[in-house]
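# Understanding the architecture of this molecule
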There are 2 protein chains.
Amino acid sequence: MTLRVGVVGGGQLARMMIAPAVEIGIELSVLAEQKGMSAKLAASAVGDYHDEQTVLEFAKSVDVVTFDHEHVPQPVLRALVEAGVAVHPGPDALQYAQDKLAMRAKLDELGMPQPDWAAVSDAQGLQAFLDDHGGRAVIKTPRGGYDGKGVRVVSSGTEAEDWFAALAEDARGGELLVEELVDFRRELSQQVARRPSGEVRAYPVVETVQRDGVCAEVIAPAPHLNGRLAEVAEQVGSGIAEGLGVTGMLAVELFETTDDRILVNELAMRPHNSGHWSQDGAVTSQFEQHLRAVLDLPLGDPAPRQHWAVMVNILGGPTEEGLDVRFAEVMAEHPDVKIHTYGKDPRPGRKVGHVNAVGDDLDDVVYDARAAAAFFAD
Amino acid sequence: MTLRVGVVGGGQLARMMIAPAVEIGIELSVLAEQKGMSAKLAASAVGDYHDEQTVLEFAKSVDVVTFDHEHVPQPVLRALVEAGVAVHPGPDALQYAQDKLAMRAKLDELGMPQPDWAAVSDAQGLQAFLDDHGGRAVIKTPRGGYDGKGVRVVSSGTEAEDWFAALAEDARGGELLVEELVDFRRELSQQVARRPSGEVRAYPVVETVQRDGVCAEVIAPAPHLNGRLAEVAEQVGSGIAEGLGVTGMLAVELFETTDDRILVNELAMRPHNSGHWSQDGAVTSQFEQHLRAVLDLPLGDPAPRQHWAVMVNILGGPTEEGLDVRFAEVMAEHPDVKIHTYGKDPRPGRKVGHVNAVGDDLDDVVYDARAAAAFFAD
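All figures in this text were calculated on a predicted structure; none of them were measured in a lab.

With that settled, consider the nonpolar core. Core analysis: the biggest nonpolar cluster contains 89 residues, and Val5(A), Leu28(A), Val355(A), Val5(B), Leu28(B) and Val355(B) have the highest contact counts within it. Core analysis: the next-biggest nonpolar cluster, separate from the first, contains 43 residues, Val62(B), Leu77(B), Val87(B) and Met103(B) among them.

This is the structure:
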């Protein structure tokens, strides 16, 4: 009679659902892309999530299907729903995380604040957008980008010709998304959880620091944030979750502009790097919250446990020996820092873990987390 | 190169090591007594821990062997050590958790405060002890007792004749342990962790509330405790860990007497029910601390995260349907309470889980934890 959650995808997000699942007593199964992945302890099957039969077969052993990533194709998602499987988030919501053009159009419809944008299909269209927006813009492939991939800053209509050429061969349409280059003070992330039956809970909005397009550091809550902007961020997060019918965790990546506005940058419909602080810093971690939400159980308290939490990613690490060889040093110097690793072989720049520090003095907490993470650098 | 810890025994203590092992990135393997036990997710082998070959074979796949319980026979433990296996706690320490007479004698040698006691082998000897101690005493079988089993209050030398008769057939000697009936205000528990290389870290001493000989509730730290007694408790805990050479977690169950003394009641050389609060209430949980200690890694900070933490055991529960059917009610009413279940079928009085609540107002925290646990009662 144990509640059973199935996760498609065997990466670190699935891995980090294991701890709360074991604690509460939820049976977690993972359909992993291959053997030996981050979530291998819970992997009950290995297979290709593009294959409808593989995913349908996996779904038979669980009460609800959820995801480690947003890459499961719409036809596979819709086959699950047609077969009567509870899928959270469902295909109607996920399409907006899978296609950035669809997302921009939908957010306009919902009246959400976002950068100026357009769908462009050739150099001429791109140049027209550039001419209207100060000569520089961000161009994005609507599908498949992450961690800075599929994103490029351009100042001429000809700088995306390779992408236009590639898209011309794509049966799904040849348009790229172009967005104004936002003059922002910093990046924020607003996470909310939503149950199928409607309850929504918002986490405090956090500051995210990116390096080379990859999340490097998160401070929760965002320091010195104008109270009005915190309210707007929460309204935007909840409004998007409800407007798009998201179930489970939603992360809304935001720009805080130099003229004190909040604009939506990206969406993720799953636990998100900007919420890893919650494992040690919130009453209910984003991973526990995601499990509750997809099972349509009442949501937990997302409040911080102490004033500040700081997460610093471990990018790379000692490639010869693995992260474990640094445990002794980190633990000796930082007995209050929480180490999280993903069971992945270190490669330069690869996300292989993170550390969390919590406390009441922000300077101390930032120092602690950064210093601890630095021990893992190669 | 991942660090590998092997746990002999598949119960809830092994289960609760899974979350910190996954978080830090330690490979946990369990030798379970049978299939489908609490720690099944990490069970890499099923077998009898009385069998030397079974345990030796299991040990080959790990860097260090530790335990879910203290019942592995000394010859098996010593065979592991002789085969070069790192065993924590080791047989020299574990003998004192396995034999209460040996424990009493050793604690006397170390000068630890404990109740008056004696080894008695017949009704006459027991009567003599009773005559010297007000006519009532506690008699205990030296081996195999737990949760109130193997413990009896007697007021006549003849009331233990069944146990004397049983022991007469026991090749290991026919003595029972008799202890004075201590006039105590309440029971406390002092936990410490110790690494093989020597570092010792003490948790705050907690109050434990027993019902029918079983731990029902724990308040951390023990409210209104005389500061001198807290110091004594910590010294006793550290002194026993060092004196007995304990590695890993040690729990020292204590009496706080009505005349303000601390006396040692029992020892447990593993994570302990009195430390479950630490999962949500301490910077480093006893399960993470145990893993660090047995791997001889630097110990984590055992400090509380907030002023108070309260743990209430779930004893029994809805036997027809399992605990999951109550999740929705508990989560709806207590969004800040942490639920922990052990994957065991509820039976009246059986420990099948616990809840933790933390906060700064003791009355609120106690209420929250008790009310949440009550939802699970059948």
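Bringing the packing of helix 2 (residues 52–59) of chain B against helix 3 (residues 74–82) of chain B into the picture now. Residue and element names in this part refer to chain B. For the pair helix 2 and helix 3, interaxial distance at closest approach is 10 Å and the crossing angle is 35°. As for how helix 2 packs across helix 3, the hand of that crossing is right-handed. Across the interface between the two elements, Glu52, Val55, Leu56 and Ala59 of helix 2 pack against Pro75, Val76, Ala79 and Leu80 of helix 3. Of the residues that constitute the contact of helix 2 with helix 3, the class distribution is seven nonpolar, no polar and one charged.

We now examine the side chain of Ser189(B). Residue and element names in this part refer to chain B. Residue position: Ser189 is located in strand 9 (residues 184–194). At 2.7 Å, the side chain of Ser189 and the side chain of Ser274 are in polar contact. Among all residues touching Ser189, those that are not within four sequence positions of it are Pro204, Val205, Val206, Thr208, Ala251, Val252, Glu253, His272 and Ser274.

A separate point is helix 6 (residues 123–132) of chain A. All names here are of chain A. Of the residues making up helix 6, those classed as buried are Ala123, Leu126, Phe129 and Leu130. The arc that holds every buried residue of helix 6, seen down its axis, measures 125°, which confines them to one face. Facing away from the buried side of helix 6 by more than 90 degrees, the exposed set consists of Gln124, Asp131 and Asp132. Each element contacted by the buried residues of helix 6 is listed here: strand 5 (117–120), strand 6 (137–140), strand 7 (151–154), helix 7 (161–168) and strand 8 (176–180). Gly134 sits one or two residues past helix 6 and shows a positive phi near 75°.

Moving on, we come to the relation of the copies chain B and chain A. Look at the two chain copies: a rotation about an axis and a shift along it is all it takes to match them. For the match of chain B to chain A, the screw axis carries a shift of 0.0 Å, the RMSD comes to 0.1 Å, and the turn is 180°. Taken together, the turn and the small shift mark the pair as related by a two-fold rotation axis. Identified as the residue of chain B closest to the rotation axis by C-alpha distance is Ala19(B), at 2.1 Å. In this assembly, 100% of the residues forming the interface of chain B have copies in chain A that are likewise at the interface, indicating an isologous arrangement.

Attention now moves to the interface of chain B and chain A. On the chain A side, the residues contacting the 38 residues of chain B number 38 residues. Between chain B and chain A lies a buried interface of about 3700 Å² when both sides are counted; carbon and sulfur atoms form 56% of it. For the interface between chain B and chain A, the tally reads two salt bridges. Taking the shortest distance from any N to any O, the salt bridge between Lys338(B) and Glu288(A) comes out at 2.8 Å. At the boundary of chain B and chain A, one finds 16 residue pairs in polar contact (both at pLDDT 80 or more).

Moving on to a negative patch on the surface. A cluster of acidic side chains, namely Asp48(A), Asp51(A), Glu52(A) and Glu82(A), defines a negative patch on the protein surface. Tracing the chain through its elements places Glu82(A) in helix 3 (residues 74–82).

The next point concerns the side chain of His88(B). All names here are of chain B. Mapped onto the fold, His88 is located in the loop between helix 3 and helix 4 (91–98). Within the local environment of His88, its side chain forms a polar contact with the side chain of Thr247, the two groups lying 2.9 Å apart. Filtering out sequence-adjacent residues up to four positions away, His88 remains in contact with Val64, Val65, Thr66, Phe67, Pro196, Thr247 and Val294.

All chains considered together, the criterion is met by 46 salt bridges over all chains. Of the charged contacts in the structure, one is a salt bridge between Arg143(B) and Asp99(B), with a shortest N-O distance of 3.4 Å. In this pair, Arg143(B) sits in the loop between strand 6 (137–140) and strand 7 (151–154) while Asp99(B) sits in the loop between helix 4 and helix 5 (100–109), placing the two residues 44 residues apart along the sequence. Through salt bridges that share partners, Lys100(A), Arg104(A), Lys140(A), Glu179(A) and Glu266(A) make up one connected network.

Our next topic: the sheet that holds strand 2 (residues 27–32) of chain A. Hydrogen bonds between backbone atoms are what pair the strands of a sheet, whose relative direction is either parallel or antiparallel. Residues and elements named next belong to chain A. With parallel pairing, four strands are arranged side by side in an open sheet as 3-2-1-4. The open sheet has two edge strands with one neighbour each: strand 3 (43–46) and strand 4 (64–67). Strand-to-strand twist of the sheet, defined as the mean angle between neighbouring strand axes without regard to direction, takes the value 25°. Relative to strand 2, strand 1 (residues 4–8) runs parallel, the two being bridged by five bridges. Residue pairing across strands places Arg4 opposite Glu27, the latter belonging to strand 2. The sheet strands contacting helix 10 (residues 286–294) are strand 1, strand 2 and strand 4, and the helix crosses strand 4 at an angle near 140°.

Residue and element names in this part refer to chain A. In this structure the tally under the stated criterion is six aromatic pairs over all chains. Aromatic pair Tyr203 and Trp277: ring centres 6.3 Å apart, planes at 85°, arrangement edge-to-face. Linking Tyr203 in the loop between strand 10 (200–202) and strand 11 (206–211) with Trp277 in the loop between strand 14 (262–268) and helix 9 (278–281), this pair joins segments that are 74 residues apart in sequence. Exposure class is identical for Tyr203 and Trp277. Each is buried. Taking the centre distance of 6.3 Å and the plane angle of 85° together, the rings of Phe327 and Phe376 count as edge-to-face. Here Phe327 is found in helix 11 (residues 327–333), whereas its partner Phe376 is found in the segment after helix 12 (362–374), with 49 residues between them in sequence. Relative accessible area serves as the criterion here: at 1%, Phe376 is assigned to the buried category. Over the aromatic face of Trp163 sits the side chain of Arg152, whose NZ or CZ is 4.2 Å from the ring centroid.

Turning next to the domain arrangement of chain A. As far as domains go, chain A holds domain 1 (4–87), domain 2 (116–180) and domain 3 (184–374). One C-alpha centre belongs to domain 1 of chain A, the other to domain 2 of chain A, and the line joining them spans 33 Å.

Before going further, it helps to examine the environment of Arg211(A). Residue and element names in this part refer to chain A. Inspection of the secondary structure assignment puts Arg211 in strand 11. Sequence spacing of Arg211 and Gly245 is 34 residues, and the spatial spacing of their C-alpha atoms is 31 Å. For Arg211, the contacting residues outside a window of four places in its chain are Ala216 and Glu217.

Next up on the list: the UniProt feature "binding site: ATP" (unreviewed entry) in chain A. All names here are of chain A. With numbering matched to this structure, UniProt assigns "binding site: ATP" (unreviewed entry) to Lys100, Lys140, Glu179, Glu180, Leu181, Val182, Glu187, Asn265 and Glu266. Considering the arrangement of structural elements, one finds Lys100 in helix 5 (residues 100–109). Residue classification places Lys100 among the buried positions, given a relative accessible area of 9%. Each residue touching Glu180, except ones within four places of it in the same chain, is listed here: Pro115, Asp116, Phe129 and His133. Among the polar contacts listed, one links the side chain of Glu180 to the backbone nitrogen of Asp116, at a separation of 2.8 Å.

Cut-offs and rules
Residues numbered from 1 in each chain as written. Chains lettered and ligands numbered in written order. Predicted model: local features only at pLDDT ≥ 70, side-chain atom pairs only at ≥ 80, totals over all residues. Heavy atoms only, no water. Core = buried A, V, L, I, M, F, W, Y, C linked by side-chain atoms within 4.5 Å. Buried < 20%, exposed > 50% of the residue type's maximum accessible area, 1.4 Å probe, protein only. Axes fitted to C-alpha atoms, helices over the stretch in contact; angles between N-to-C directions. Helix = DSSP H or I, 4+ residues; strand = E, 2+ residues; numbered from the N terminus. Left-handed = near helix turned anticlockwise from the far one by under 90°. Contact = heavy atoms within 4.5 Å. Nonpolar A, V, L, I, M, F, W, Y, C, P; charged D, E, K, R; others polar. Polar contact = N/O pair within 3.5 Å; in protein donor to acceptor, adjacent residues only side chain to side chain. Arc of directions from axis to C-beta. Least-squares fit on C-alpha atoms with pLDDT ≥ 70 in both. Buried area = accessible area lost by both parts, 1.4 Å probe. Salt bridge = Lys/Arg side-chain N within 4 Å of Asp/Glu carboxyl O. Patch = residues over 30% accessible without salt bridge, like charges linked within 9 Å, V, L, I, M, F, W, Y side chains within 5 Å. Areas by Shrake-Rupley, 256 points an atom, 1.4 Å probe, with all protein chains shown as cover. Lys, Arg positive; Asp, Glu negative; His and termini not counted. Charge placed at Lys NZ, Arg CZ, Asp CG, Glu CD. Pairing = 2+ DSSP bridges. Phe/Tyr/Trp six-rings, centres within 6.5 Å; stacked < 30°, edge-to-face > 60°. Lys NZ or Arg CZ within 6 Å of the ring centre and 35° of its normal. Domains from an automatic or database assignment. UniProt positions renumbered as here; feature names shortened; annotations may be inferred.

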